[in-house]
Structure formats: C-alpha cells, structure tokens
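The primary structure of each chain is shown beneath.
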Amino acid sequence: MGLDRKFMNVIVLGFGFMFVFTAFQTMGNIEKTILDSIQRDNPAFQGDAYTSLAIIYAVFALCNWVSPSLISVTGPRVAMLIGAATYALFIASFLIPQTWLLYVASCVIGFGAAVIWTGQGNYLTLNSDSNTIARNSGIFWAMLQASMFLGNLFVYIKFQGKTHIDSETRLLVFIVLIVLAGVGIVFLLILRPAQNYDGELAKNDTNGPVRALVKAFKLLFTKQMLLLSLTFFYTGVELSFFSGVYGPSIGFTQQMGESAKQLVGLSGIFVGVGEVLGGAMFGILGQRTTRWGRDPIVIAGFLIHILSFFLIFLNLPNSAPFHDTMDAAFITSNPYLAMFCSFLLGYGDSCYNTQIYSVLGSVWSEDSAPAFALFKFTQSLAAAACFFYSSHLGLYAQLGILVVLSIIGTISFCFVEWKAKEANAMKVKTLAYNSDCEDPCYVEESNRNLQKATWPEDLDPFICWTAWHIHPAHFVGDHCNY
C-alpha cells in the first residue's frame, strides 16, 4: 500500500505541474510574439520579452539559496502551492500591459519558481527510493512536458492566418492560460504527505532554515556538485534557447511563408513530443537505465542536440531572433525541418534532465532539497545569462555557445557517473567476498551510518548486478543467498 501511495503521489504531482506549466511554458514560448503585438497597438508599452525572461531566471537563481530554508519550515507541499500561485499571477499581469508591472511580475514568478522546483525535487525524492527514482523521474518528466501540447495547440489554432496578434485574441489566450494554472493549483492542493513503507510519514530535514542554507553552501563546493554544475549550466542555456528564442526565431523568419507566426505554437508542440517521448521511454526503462548507467543516455542527448544545432544553423538566418526578417539562410528555410529540430531539442533535453533528476535523487537522497536547489540555481542562472545575450547576439553565435557548453556539460556528467560506478564497485567487492557472514550484510549508503540492508531490494540495482558478476554463487535466480 505504501508503494501504491508513493506512486500515486508522483502521478498527482505530475498532473499539477502539467497544468501549471501548460500555462507558463505556452506563455514563455509566445511572450516575444505577444509583446511585439502589444507594442504595435500601444507604443507607450516598452516591455521586452527577453528582458522579462532574463529577470525571471535571475531572480529564480538567487532565490534558490533561500528556498531550502523555506521548505524546511513549510514542507514541500505548501511551498509548491505558493510557487504555483505566482505563475497564475504572472500570466494575469498581461491583462494590464504596463512595463513596470511586467518586470515586477517577472520578479515575483522568479521567487515562485525557486520555491516550486525545490519543493518538487524534495517531494519526488520523499516518494522514491534507489529502485524507483529513475522510473518516477521519467514519468514525472513525461507528464510535465505534456504541458507543451495543450497550450501550444490552442495557440496554434488561435494564431492561424494571423500576422498580428490582436487584443481580442490575446485576451482569450491569457484567460485560458490562467484557468489552466488554476487547475494545476487544485491538483497540488490534494497532494498527500509521503509515507515510508511502514506507513509512517516520510520526514524532511528538521534542522531549521539556517542549517538548510549552510548545507546548500557546503554541498555546492563538493567535487561532484561542482562538476555537475557544468551540466546544469548547459541545460539552463539550452532550456532558454528552445523555450524562448527558437520558437520566435521561426516566427520571425518570413521565408517560412504566411504561416510563420502559427509555427511558433507548432514548434512548442514538437518540443513537447520529444520531451514526453524521452521521459516516457526512460520511465519505462528506469530499472535498466539504472543498471546500465546514466551516461549512455546523456551521450545520446548530446549527439541529438549537436545534430539539431547544425540543422538550425542551416535552416534559419542569423537575424531571426530579433525581428521579422527576409534574410536568407544557408538553405531555403523549411517549416518541416524547423519542426524536426524542435522535436530533437525536446528529446535531447529529456535525456539530460531525466538523468539529472535520477542522479540527484539517488546520490543526495538525504539532502534532496539543497541538491535540487543548487541544480535549479545553476540552471536558472544560465538561462538568465542566455536571455540577456539573446537580445544582442545573432543566432549563429548563440548556436556556437550551445555547442561548446554541450561538450563541457556532457564530459562533466560522464565523469561524475563513472566515479559513482567505481564507488559502487568498491562496495560490492567488500560485500561479495564477505561469504562467512550469515546475517544480513551491513552496507554504507551515501556516507550515512551503517544500516542493515537485505539483498537485492534495499540496494542500488547496479550494486546487485555487479555483485552477481563478482560472486554469483550467492544468488539464486534474482535473489541473494546471503
């Protein structure tokens, strides 16, 4: 029953985020297009989409330092509700197009983003163990990225045949997105506390907000986290590129034809298809990916992204991120190729993010709040930097930055994963050759106090698999004979 409750908690969490981020990701995808239309109707409005998104992610980055402290007081469920409410408020601010209000709302949602994402990582970890974290991460990611479908499909239909997004269309889009955010808040309201397998409530670190902040600082300067921060940074830059730069770039490329603006929403849908397919695949294969290692999936994501960057380089002109342009690309700009690249961006992103969730939830299961906060701090800092330079750098320079960072981020992740495998193998050698032990062996998990563990249920699947190869005599079928 405990397992069923934990899994249902993950499903409800996924639905909550799916609806909240249907609203926000759709808004982020069309914000540049929408604000340009508002400026045409009201020249006094000077709000800039890239500046707004940069503020969001800059505040997001800073507030990740205080979010673990807040969660130590409120718990993850209340924190996620607070964060979700700020997303609804941000979208509501577009009903009153004022430059100052846009930037204030951007600050507010930046705080809310830090709170909701740190709470999400903590809550997901409380409802997972070493055997289910890969599966739960994949399923949650697939449900989250399903948010790319509904909102962007609605936008695709409403923007059909429009070269200018009129006020009536904008109003309808805003109202629908606010309602969707409200539905997500309702799902987060009905989340239940996590339970251990013995039926007791799973508890957070109760050392208080100051202790949580100190933990986050200490964790940042560990070797593993510093290396993973390079991967986090790359995911932040590519996130901002496909969520806020690539879609508008397609819409600004006039050689795409009269339906160029409509393709902005369609691009978001194809990104979502890639994200959901990747998340669902890694969720279904969660046990096997844990056994094989996370590095092959991240390397696959790297290769997919490199292919997408090269095709985008050929298909879109350098001036595409800034405004409507008739400039020619290296090849004739093709809508079908643009949508294929959207799919590749989404699928590659899911390769990175599902494995990051998996490694954080397993390696730092006891410090999940500060670990996920540091992930979101680095990722959002990178996203903010990307949105700041997106207003000044052409498309080709942005693609060059992505290529360099993808190489660095992938190498650093693989290094951490290989070191983790070596550490697990050392544990196994000690355990597997301890054949005189008649009682359950004692296993050190994540540098905690030694605790009794049974084989194979309480051990990392990779440890059990390696132990079988080193000392198969102790296994009967899938069970250890200790």
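Residues numbered from 1 in each chain as written. Predicted model: local features only at pLDDT ≥ 70, side-chain atom pairs only at ≥ 80, totals over all residues. Heavy atoms only, no water.

Enquirer: So what exactly am I meant to see when it comes to the environment of serine 259 here?
Expert: By the element assignment, serine 259 lies in the loop between helix H10 (223-252) and helix H11 (262-284). What makes serine 259 partly exposed here is its relative accessible area of 30%. Linking serine 259 and glycine 161, residues 98 residues apart in sequence, is a C-alpha distance of 6.1 Å. (Helix = DSSP H or I, 4+ residues; strand = E, 2+ residues; numbered from the N terminus. Buried < 20%, exposed > 50% of the residue type's maximum accessible area, 1.4 Å probe, protein only.)

Enquirer: Whenever I open this one, the side chain of serine 350 confuses me. Can you help?
Expert: Structurally, the position occupied by serine 350 is in helix H14 (residues 335-363). A residue is classified by how much of its surface remains accessible, and serine 350, at 0% relative accessible area, is buried. Not counting residues within four places of it along the chain, the set of residues in contact with serine 350 comprises Trp141, Gly274, Glu275, Gly278, Gly279 and Phe282. (Contact = heavy atoms within 4.5 Å.)

Enquirer: Teacher, can you tell me more about the state of the cysteines here?
Expert: Simply put, the disulfide is a covalent bond whose two ends are the sulfur atoms of two cysteines. All told, the structure shown has zero disulfides when counted by the stated rule. Its sulfur unpaired, cysteine 63 is 9.0 Å from the next cysteine sulfur, which belongs to cysteine 107. For cysteine 63, a relative accessible area of 15% translates into the label buried. (Disulfide = S-S within 2.5 Å.)

Enquirer: For this particular structure, what's the right way to read the side chain of aspartate 295?
Expert: On the secondary structure map, aspartate 295 appears in helix H13 (residues 295-315). You can call aspartate 295 buried: its relative accessible area is 8%. Contact partners of aspartate 295, with chain neighbours within four places excluded, come to Phe413, Cys414, Glu417, Trp418 and Lys421.

Enquirer: I'm lost on the packing of aromatic side chains in this one. Help?
Expert: The relative placement of two aromatic rings is captured by the distance of their centres and the angle of their planes. Scanning the entire structure with this criterion turns up 22 aromatic pairs. Centroid distance phenylalanine 15 to phenylalanine 187: 5.4 Å. Interplanar angle 20°. Geometry classified as stacked. Of this pair, phenylalanine 15 sits in helix H1 (residues 2-41) while phenylalanine 187 sits in helix H8 (residues 167-189), placing them 172 residues apart in sequence. Sitting over the ring of tyrosine 50, lysine 32 keeps its end group 4.9 Å from the ring centre. (Phe/Tyr/Trp six-rings, centres within 6.5 Å; stacked < 30°, edge-to-face > 60°. Lys NZ or Arg CZ within 6 Å of the ring centre and 35° of its normal.)

Enquirer: What am I meant to see in helix H2 (residues 49-63) here?
Expert: Quick reminder: α-helices carry 3.6 residues per turn. Residues three or four places apart thus point the same way. For H2, spanning 15 residues, the distance from its first C-alpha to its last is 21 Å, which sits close to the expected 21 Å at 1.5 Å a residue. Counting buried residues in H2 gives 12 out of 15 residues, a clear majority hidden from the surface. Looking only at H2, the buried set comprises Ala49, Tyr50, Ser52, Leu53, Ala54, Ile55, Ile56, Tyr57, Val59, Phe60, Ala61 and Cys63. (Expected span 1.5 Å × (residues − 1).)

Enquirer: Sorry, what's going on with the nonpolar core here?
Expert: Side chains of a nonpolar character, in soluble globular proteins, are inclined to be buried together. Phe17, Trp117 and Leu360 are the most contacted members of the largest nonpolar core, which totals 123 residues. For this core, the element with the most residues is H1, which contributes 15 residues. Excluding anything up to four places from it in sequence, phenylalanine 17 contacts Thr22, Met80, Ile116, Trp117, Gln120, Phe140, Leu144 and Leu188. (Core = buried A, V, L, I, M, F, W, Y, C linked by side-chain atoms within 4.5 Å.)

Enquirer: Explain the packing of H2 against H10 here, please?
Expert: Two quantities define a packed helix pair, namely the angle between the helix axes and the distance between the axes. H10 packs onto H2 with a crossing angle of 170° between their chain directions and a minimal axis gap of 12 Å. By the angle class used here, H2 and H10 are roughly antiparallel. Contact with H2, carried on its side by Tyr50, Leu53 and Tyr57, involves Leu239, Gly244, Val245 and Pro248 of H10 and no other residues of that element. The residue makeup of the contact of H2 with H10, split by class, is six nonpolar, one polar and no charged. (Axes fitted to C-alpha atoms, helices over the stretch in contact; angles between N-to-C directions. Parallel < 35°, antiparallel > 145°, perpendicular 65-115°, else oblique. Nonpolar A, V, L, I, M, F, W, Y, C, P; charged D, E, K, R; others polar.)

Enquirer: I keep staring at empty space enclosed by the protein and nothing clicks. Help me out?
Expert: A water-sized probe, rolled over the atoms, reveals where empty space remains. Throughout the structure, instances matching the rule amount to three cavities of 30 Å³ or more. Contributing elements (two or more residues each) for the lining of the largest cavity: H1, H2, helix H5 (99-126), helix H6 (133-145), H10, H14 and helix H15 (368-390). Per-class residue counts for the lining of the largest cavity are 15 nonpolar, nine polar and three charged. Quantified by volume, the second largest cavity comes out at close to 40 Å³. As for the second largest cavity, its lining consists of Leu35, Ile38, Phe45, Ser93, Phe94, Ile96, Pro97, Gln98 and Leu102. Here the residues of the lining of the second largest cavity sort into seven nonpolar, two polar and no charged. (1 Å grid on protein atoms, 1.4 Å probe; cavity = no way out; pocket = protein on both sides within 12 Å on 5 of 7 lines; lining within 4 Å. Points joined across faces, edges and corners; volume = space filled by probe spheres on them.)

Enquirer: I'm lost on the environment of phenylalanine 149 in this one. Help?
Expert: Secondary-structure assignment places phenylalanine 149 in helix H7 (residues 147-158). The class of phenylalanine 149 is partly exposed, set by a relative accessible area of 28%. Residues phenylalanine 149 and leucine 266, 117 residues apart in the sequence, show an inter-C-alpha distance of 8.9 Å. Apart from the residues within four sequence positions on either side, phenylalanine 149 is in contact with Ile269, Gly272, Val273 and Val276.

Enquirer: Can you help me understand the confidence of the model for the chain in this one?
Expert: Scored by pLDDT, the chain has a mean of 79; 79% of the residues are at 70 or more. Note on residues 197-201: pLDDT under 50 across the span, and nine contacts to partners over four residues away in sequence or across chains. Every residue in residues 435-482 is under pLDDT 50, and counting partners more than four places away or in other chains gives 86 contacts. (pLDDT = per-residue confidence, 0-100.)

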